[in-house]
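# Commentary on secondary and tertiary structure
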Amino acid sequence: MTTSRASGLLRRPEETRATFLELFFDLAFVFALAQLSYALIQRLTWSGAFQALLLLLAVWWVWFTTAWITELFDPHRPAIQALTLAIMVGALVMAVALPDAFGDGGLVFAGAYVAVHIGRDLFLVIALRGHELQRSTLRGLFWFGVSALPWIAGALAHGTARGVLWTLAVALDYAAYVLRHPTPGIGRTPTAQLPSVAEHLAERYRQFFIIALGELILVSGVTLRGAGFAADHTPAFLVSVTTIVLLWRIYIYRAGELLSAAIAAAPDPARRARSAFHTHLAMVAGIVVTSVGIELVIAHPLGHSRPAWGAVVLGGPALFLAGRAAFEYTVFARVSRSRMIGLLALAAAIPGTLHLPPLLSSVAATAVLAGVAISDAARARRHPPEPLSLRGGGGSSS
């Protein structure tokens, strides 16, 4: 393929909006996140939580690298559409195998993960022949080839060995990105080629967060259907829906709305985009844990609470608030006091969950989130919008 033909695959600078193809691709992750929540609730222990974290990092990495592809390349091109749909199929295979990834489904999960990354980069190396972006793809291919070894070796191992090898594999994938894929013979990826298109990337982050909230709605509805409209299950469902609405409101209020402007205003847009990457990962992790809590609360609203139950009912919103506080700092270079107060309140409430039924623990978590949302609304009435920060990490508040 000539350089001109390779250039024809690239997005034009004026095309910054996400496409219907990207929205369609995201639907696979509703299922993936639901499977992740199911895997966590089946093994609600510290080791189970760590395994769920590894699986979330793998799922998130497939989504993010595809968002990078559709940022650089034109999703209207048949070749890019075929590539995106192929990755979607791979993500669905991963999702199907996910609950049993640390059991008999390990090789399917790891094989699909490796196939997605190696297959994508091989395709792009060929498609970009003669174009400067081919070197960036070669760097990715090299590092995914390196991490493929512990991914496959871990799938063939059992027990603790699998966890150790997959931890190494995830660490290699993420460290390579942070270090800009230093590769023998061709060096690191230039900063200018990292994901940084403000409007598109911000919209993709928002879309994925909405997808995560969609998984919460799915879990709430399915759990209530199984439990029935009893006198205790229905209030639990209403509290859970209120929690979902508050998570959406807290996320979108100012920082979520202004992310694209914050990336565009930064002296180093790619650096700020990377910061948004980490903060959204933390918030999505909070959503996954919250999903487990919602399922427990609706299914056992007045049951005898266990320590792990209280940890997820309050810990999910706390993890979300921590990620949201970091996100606020990314955009505004400061953190609202309400975020920190909310985190402290949730931490202080955890010991009390040992003596409260899950429904009351959920009410406490929802009350804290409501306090944060009310504080946001009050601040918006009292103060005019503050300017965005021009620093690499952030600027005003929300």
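Given the structure is predicted, the values throughout are model-derived calculations rather than measurements. (Residues numbered from 1 in each chain as written. Predicted model: local features only at pLDDT ≥ 70, side-chain atom pairs only at ≥ 80, totals over all residues. Heavy atoms only, no water.)

### What about the overall build of the protein?
Helix and strand content of the protein: 13 helices and zero strands. Across the protein, helices and strands are ordered from the amino to the carboxyl terminus as α-α-α-α-α-α-α-α-α-α-α-α-α. Across the 398 residues that make up the protein, the buried fraction comes to 55%. Contacts in the protein between residues at least 24 apart in sequence constitute 80% of all its contacts with a sequence separation of at least 6. With an accessible surface of roughly 16300 Å², the protein has 69% of that area assigned to carbon and sulfur atoms. (Helix = DSSP H or I, 4+ residues; strand = E, 2+ residues; numbered from the N terminus. Buried < 20%, exposed > 50% of the residue type's maximum accessible area, 1.4 Å probe, protein only. Contact = heavy atoms within 4.5 Å. Areas by Shrake-Rupley, 256 points an atom, 1.4 Å probe, with all protein chains shown as cover.)

### Some remarks on the confidence of the model for the protein
Predicted confidence across the protein gives a mean pLDDT of 86, with 89% of residues reaching 70 or more. In this model, residues 392-398 is a region of pLDDT below 50 whose contacts with residues beyond four sequence positions or in other chains number 47 contacts. (pLDDT = per-residue confidence, 0-100.)

### A look at the packing of helix H12 (residues 337-349) against helix H13 (residues 358-382)
Their axes nearest at 9 Å, the elements H12 and H13 cross at an angle of 170°. Taken together, H12 and H13 sit at an angle that is classed as roughly antiparallel. Across from Ser-338, Arg-339, Gly-342, Ala-345 and Leu-346 in H12, the residues of H13 making contact are Ala-365, Val-368, Val-372, Ser-375 and Asp-376. (Axes fitted to C-alpha atoms, helices over the stretch in contact; angles between N-to-C directions. Parallel < 35°, antiparallel > 145°, perpendicular 65-115°, else oblique.)

### Regarding the packing of aromatic side chains
Counted according to the given criterion, the structure contains 24 aromatic pairs. Ring geometry for Trp-60 versus Phe-277: centroids 5.8 Å apart, planes at 40°, classification tilted. Of this pair, Trp-60 sits in helix H3 (residues 46-72) while Phe-277 sits in helix H10 (residues 269-299), and the two are 217 residues apart along the sequence. Of the two residues examined, Trp-60 and Phe-277, each falls in the buried class. Summarising the aromatic geometry, the rings of Phe-109 and Trp-151 are spaced 6.4 Å apart at their centres and angled 55° between planes, so their arrangement reads as tilted. A residue pair is termed long-range when its members are at least 10 positions apart, and Phe-109 in helix H5 (residues 106-127) and Trp-151 in helix H6 (residues 133-156) qualify at 42 residues. Among the residues examined, Trp-151 registers a relative accessible area of 1% and is labelled buried. Through successive ring pairs, a cluster of aromatic residues spans Phe-25, Phe-29, Trp-60, Trp-61, Trp-63, Phe-64, Tyr-174, Tyr-177, Tyr-205, Phe-208 and Phe-277. Sitting over the face of the ring of Trp-166, Arg-162 holds its NZ or CZ atom 5.6 Å from the ring centroid. (Phe/Tyr/Trp six-rings, centres within 6.5 Å; stacked < 30°, edge-to-face > 60°. Lys NZ or Arg CZ within 6 Å of the ring centre and 35° of its normal.)

### Details of the environment of Phe-144
Position of Phe-144 among the secondary structure elements: in helix H6. Given a relative accessible area of 8%, Phe-144 falls into the buried group. Apart from residues lying up to four places away in sequence, Phe-144 is in contact with Trp-61, Thr-65, Tyr-113, His-117, Ile-118, Arg-120, Asp-121 and Asp-173.

### Points about the side chain of His-181
For His-181, the location among the structural elements is in the loop between helix H7 (160-178) and helix H8 (198-227). Exposure remark for His-181: the relative accessible area of 14% places this residue in the buried category. Setting aside chain neighbours within four positions, we find His-181 in contact with Arg-139, Gly-140, Trp-143, Ala-176, Gly-187, Arg-188 and Thr-189.

### Things to note about unusual backbone geometry
Look at Arg-180: it is not a glycine, yet its phi comes out positive at around 65°. Mapped onto the elements of the fold, Arg-180 is located in the loop between H7 and H8. Although it is not a glycine, His-181 sits at a positive phi angle of roughly 50°.

### Details of the pattern of salt bridges
The full count for this structure, using the stated rule, is six salt bridges. Put simply, Asp-74 and Arg-77 hold a salt bridge, and the shortest N to O gap is 3.9 Å. Judged by its relative accessible area of 5%, Asp-74 is buried. (Salt bridge = Lys/Arg side-chain N within 4 Å of Asp/Glu carboxyl O.)

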